Amino acid sequence: CRLFRMKRLNQCMEKITKNFSMEEFVRSETAGRMGISNEPDSRARLAIINLCTKLLQPLRDAYGKPMEINSGYRCPALNEAVNGAKGSQHMKGEAADVRCDRPAELVRCLMDEGLDFDQCIRYSTFVHLSYKLEGENRRQFLKGKY
């Protein structure tokens, strides 16, 4: 049992890229408060790694400023608890809400860099970014509710 817990802890602390770790994607105050285990399955873990290596880290390198994950992976129970969309890409590990000083500037950087992505939704304090593990990305730019 102890060995299993240590393995799970190591998986959560796993560094994915220079600036992103698995822990950032599974951390949730809501999950902690409600006793929800927000552990991704193997497919969601692959999707998180894909999102970080193909979109978030290249965007962070180009942006040159800190980007913090507000909300990454959400298991179905957590997604329901936060009133997330029923088919949310967060539940697949394909999306992250990224907080930064200037969301509009981050979106402009994404456009200028020509990086592939599925959705980019700009809100006043964060940007929702997604990248599909399988299938073609839609490259949708949307404006969220303010």
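Placed above this text is the structure.
The text that follows walks through the structure, step by step, so that each part is easy to find.

Details of the layout of surface pockets
Next up, step 1: Of the volumes computed, that of the largest pocket is approximately 260 Å³.
Next up, step 2: In this structure, the largest pocket is lined by 15 residues; those nearest its centre are Arg74, Gly84, His90, Asp97 and His128.
Next up, step 3: Sorting the residues of the lining of the largest pocket by element identifies strand S1 (68-71) and strand S4 (126-130) as the ones contributing at least two each.
Next up, step 4: A breakdown of the residues in the lining of the largest pocket according to their chemical character gives 5 nonpolar, 8 polar and 2 charged.
Next up, step 5: Its volume calculated, the second largest pocket comes out at about 200 Å³.
Next up, step 6: In terms of lining, the second largest pocket is formed by 15 residues, of which the most central are Arg27, Ser28, Glu29, Asn70 and Ser71.
Next up, step 7: For the lining of the second largest pocket, the secondary structure elements donating two or more residues are helix H3 (29-34) and S1.
Next up, step 8: Top element by residues in the lining of the second largest pocket is S1. It accounts for 4 residues.

Concerning the nonpolar core
Here is a general trend for soluble globular proteins: nonpolar side chains tend to be buried in one another's company.
Next up, step 1: Among the nonpolar cores identified, the biggest contains 32 residues, and Phe25, Leu56 and Leu129 are the most heavily contacted of them.
Next up, step 2: The set of elements that each furnish at least two residues to this core consists of helix H2 (22-26), helix H4 (42-63), strand S2 (95-99), helix H6 (103-113) and S4.
Next up, step 3: A total of 8 residues in this core trace back to one element, the largest contributor, which is H4.
Next up, step 4: Look past the residues within four positions of phenylalanine 25 in its chain and what remains in contact with it is Ile16, Phe20, Asn38, Ile48, Leu51, Cys52, Leu56, Ile69, Gly72, Tyr73 and Ala96.

Remarks on the side chain of serine 88
Next up, step 1: By the element assignment, serine 88 lies in the loop between helix H5 (76-81) and S2.
Next up, step 2: For serine 88, the side chain forms a polar contact with the main-chain nitrogen of histidine 90, separated by 3.1 Å.
Next up, step 3: Residues in contact with serine 88, not counting those within four places in the same chain, are Arg74 and Asn79.

Looking at the sheet that holds strand S3 (residues 119-122)
Next up, step 1: Spatially, the 5 strands line up as an open sheet ordered S1-S2-S4-S3-S5, and their pairing is mixed. Edge positions in the sheet fall to S1 and strand S5 (140-143), since each has one partner strand and no second. Along the sheet, successive strands turn relative to each other by an average axial angle of 30°, direction set aside.
Next up, step 2: The pairing of S3 with S5 spans 4 bridges and is parallel. Across the sheet, the residue bridging to isoleucine 121 is leucine 142, located in S5.
Next up, step 3: Packed onto the sheet, H4 meets S1, S2 and S4 and runs at close to 145° relative to S4.

A word on unusual backbone geometry
Next up, step 1: Even without a glycine there, the phi angle at asparagine 83 is positive, about 60°.
Next up, step 2: Take asparagine 83: its relative accessible area is 70%, and that puts it in the exposed class.
Next up, step 3: In the Ramachandran plot, arginine 139 falls in the positive-phi region, its phi being about 55° despite a non-glycine side chain.
Next up, step 4: Summarising the element assignment, arginine 139 is placed in the loop between S4 and S5.

About the criteria used
Sequence order as written defines residue numbering, which begins from 1 separately in each chain. Totals for whole chains, interfaces and linings use all residues, but because this is a predicted model, local features are given only for residues with pLDDT of at least 70 and pairs of side-chain atoms are given and counted only at 80 or more. No hydrogens and no water enter the side-chain calculation; it runs on all heavy atoms of the structure. Only protein atoms enter the calculation, which uses a 1 Å grid: trapped sets of points that fit a 1.4 Å probe without letting it out are cavities, open sets showing protein on both sides within 12 Å along at least five of seven lines are pockets, and any residue with an atom within 4 Å of a point is a lining residue. Grid points are joined across faces, edges and corners, and a volume is the space filled by probe spheres set on the points. By the criteria applied, helices consist of DSSP H or I runs no shorter than four residues and strands consist of E runs no shorter than two, each listed in order from the N terminus. Polar here means any residue outside two lists: the nonpolar Ala, Val, Leu, Ile, Met, Phe, Trp, Tyr, Cys and Pro, and the charged Asp, Glu, Lys and Arg; Gly therefore counts as polar. Only buried residues count toward a nonpolar core, which is a set of Ala, Val, Leu, Ile, Met, Phe, Trp, Tyr and Cys residues joined through side-chain atoms within 4.5 Å. Exposed residues in this analysis have more than 50% of their type's maximum accessible area, buried residues have under 20%, and partly exposed residues fall in between, with area computed by a 1.4 Å probe over protein chains only. Any pair of residues with heavy atoms lying within 4.5 Å of one another is described as a contacting pair. The definition of a polar contact used here is a pair of N or O atoms within 3.5 Å, where within protein one atom must be able to donate a hydrogen and the other to accept one, and adjacent residues in sequence count solely through side-chain atom pairs. By the convention used here, strands pair only if DSSP detects at least 2 bridges between them. Comment: axis = line fitted to C-alpha atoms, over the contacting stretch for helices; angle = value between 0 and 180 degrees taken between N-to-C directions.

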